[in-house]
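# A structural walkthrough
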Amino acid sequence: MTLYLVPTPIGNLEDITLRAIRVLKEVDLILAEDTRTSRKLLDHYGIGTPLWAHHAHNEHTAISSILREMQGGKNIALISDAGTPGISDPGFLLVRECVRNGIKVECLPGASALVPALVVSGLPCDRFHFEGFLPHKKGRQTRVQYLSVLPNTFALYESPHRLVKCLEQLIPFCGVERSACVVRELSKLHEEAHRGTLESLAAFFKQHPEKVKGEIVIVVAGSTET
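Residues numbered from 1 in each chain as written. Predicted model: local features only at pLDDT ≥ 70, side-chain atom pairs only at ≥ 80, totals over all residues. Heavy atoms only, no water.

### Quick look at the sheet that holds strand β2 (residues 29-32)
- Ordered by their spatial adjacency, five strands build an open sheet running β3-β2-β4-β1-β5, and the pairing between neighbours is parallel. Of all the strands in the sheet, the pair left with one neighbour each is β3 (51-53) and β5 (104-107). Each neighbouring strand pair of the sheet contributes to a mean axis angle of 25 degrees, computed without reference to strand direction.
- Here strand β1 (residues 2-5) pairs with strand β4 (residues 76-79) via three bridges, running parallel. Bridge assignment links Leu3 to a residue of β4, and that residue is Ile76.
- This element, helix α2 (residues 35-44), spans β2, β3 and β4 of the sheet and lies at about 155 degrees to β3. (Pairing = 2+ DSSP bridges. Helix = DSSP H or I, 4+ residues; strand = E, 2+ residues; numbered from the N terminus. Axes fitted to C-alpha atoms, helices over the stretch in contact; angles between N-to-C directions. Contact = heavy atoms within 4.5 Å.)

### Here we look at the packing of aromatic side chains
- Scanning the entire structure with this criterion turns up three aromatic pairs.
- With a centroid separation of 5.7 Å and an interplanar angle of 65 degrees, the aromatic rings of Phe133 and Tyr157 are classed as edge-to-face. One end of the pair, Phe133, is in strand β6 (residues 128-133); the other, Tyr157, is in strand β7 (residues 153-158), with 24 residues separating them in the sequence.
- Residue Phe133 is classed as partly exposed on the basis of its relative accessible area of 43%.
- An aromatic cluster is present here, built from Phe130, Phe133 and Tyr157 joined pairwise through their rings. (Phe/Tyr/Trp six-rings, centres within 6.5 Å; stacked < 30°, edge-to-face > 60°. Buried < 20%, exposed > 50% of the residue type's maximum accessible area, 1.4 Å probe, protein only.)

### Some points on the pattern of salt bridges
- Counted according to the given criterion, the structure contains 15 salt bridges.
- Where Glu97 meets Arg96, a salt bridge forms, and the shortest distance between an N and an O atom there is 3.6 Å.
- A relative accessible area of 17% means that Glu97 is categorised as buried.
- Its relative accessible area of 32% is what places Arg96 among the partly exposed residues.
- Here Lys104 makes a salt bridge to Glu106, at a shortest N to O gap of 3.0 Å.
- Assessed through its relative accessible area of 48%, Lys104 is described here as partly exposed.
- The network of salt bridges with shared partners includes Arg19, Lys104 and Glu106. (Salt bridge = Lys/Arg side-chain N within 4 Å of Asp/Glu carboxyl O.)

### Focus: the layout of surface pockets
- The computed volume of the largest pocket comes to approximately 460 Å³.
- For the largest pocket, the lining is made up of 23 residues, of which Ala82, Asp89, Ala113, Tyr157 and Glu215 are closest to its centre.
- Looking at the lining of the largest pocket, the elements that each hand over two or more residues are β7, β8 (179-184) and β10 (216-220).
- Residue classes in the lining of the largest pocket are distributed as eleven nonpolar, four polar and eight charged.
- Reported here for the second largest pocket is a volume of approximately 180 Å³.
- When the residues that make up the lining of the second largest pocket are grouped by side-chain class, the tally is five nonpolar, five polar and two charged. (1 Å grid on protein atoms, 1.4 Å probe; cavity = no way out; pocket = protein on both sides within 12 Å on 5 of 7 lines; lining within 4 Å. Points joined across faces, edges and corners; volume = space filled by probe spheres on them. Nonpolar A, V, L, I, M, F, W, Y, C, P; charged D, E, K, R; others polar.)

### Considerations on the side chain of Arg184
- Structurally, Arg184 is set in strand β8.
- Once you skip the residues sitting within four places of it in the chain, Arg184 turns out to touch His190, Glu191, Glu192, Lys211, Lys213, Glu215 and Ile216.

### Topic: the nonpolar core
- Residues Leu156, Leu163, Leu167, Leu170, Leu198, Phe205 and Ile218 are the most contacted members of the largest nonpolar core, which totals 23 residues.
- Looking at this core, the elements with two or more residues in it are α6 (140-148), β7, α7 (163-174), β8, α8 (198-207) and β10.
- Broken down by element, the residue count for this core peaks at seven residues, all from α7.
- Sequence-distant contacts of Leu170, defined by excluding residues within four places in its chain, comprise Val144, Phe154, Leu156, Gly175, Leu198 and Val220.
- Of all hydrophobic cores here, the second largest spans 16 residues; its members include Val6, Ala20, Leu24 and Leu42. (Core = buried A, V, L, I, M, F, W, Y, C linked by side-chain atoms within 4.5 Å.)

### So, the sheet that holds strand β9 (residues 192-197)
- Read from one edge of the open sheet, five strands run β6-β7-β10-β8-β9, paired in mixed fashion. Single-partner strands in this sheet number two, and they are β6 and β9. Adjacent strand axes in the sheet meet at a mean angle of 15 degrees, parallel and antiparallel pairs treated alike.
- Its contacts with the sheet place α6 against β6 and β7, and it is angled at close to 165 degrees to β6.
- The sheet contacts of α7 involve β7, β8 and β10, and relative to β7 the element is tilted by about 150 degrees.

All we've got here are geometric facts, nothing functional implied.
Structure below.
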């Protein structure tokens, strides 16, 4: 009995490993963040394994039944809509309970928005801080202030409708001249990386709202004052 964490493509359906396809075909059950989204990927590769919904709204209540299935001898795979489960997506709670109950956990390597965005940014990435999504309200300013003094490059995930606001919130703490890169639609047809200062990037996306689409990663240079 094993829980497999299986990364799925963040855009291009070809960005999945042969091992991931094999595991998804061989397991007894697949837990998916959104079964409708995942079904498109599974159908594309002819994977007919049964699907259960496992997302932020039901993961607490579903864990006990999932554990029973595995304790009964079933192998289960966990996937998210895109990328690696547990990274800004459900997964941590289930992994923690499997570890507590002596159930084997394997994580396959695969697609992630973080690493390609870091590398393509042109900013130092030998050491970096990954913040994920900032809090929407409470604690947001505190986190921005913390990030602004880090000596290493840091990366954020952000939604399109918050991109300009996020860049503008970074400026008072990081400064108008802090180098940054906004990467969107990684591995998709309209993939783009916009580089510049926080001020120039905020101005660009405010002037070009048509560019504010898709999944977004913001990469910011570390502080030189530390």
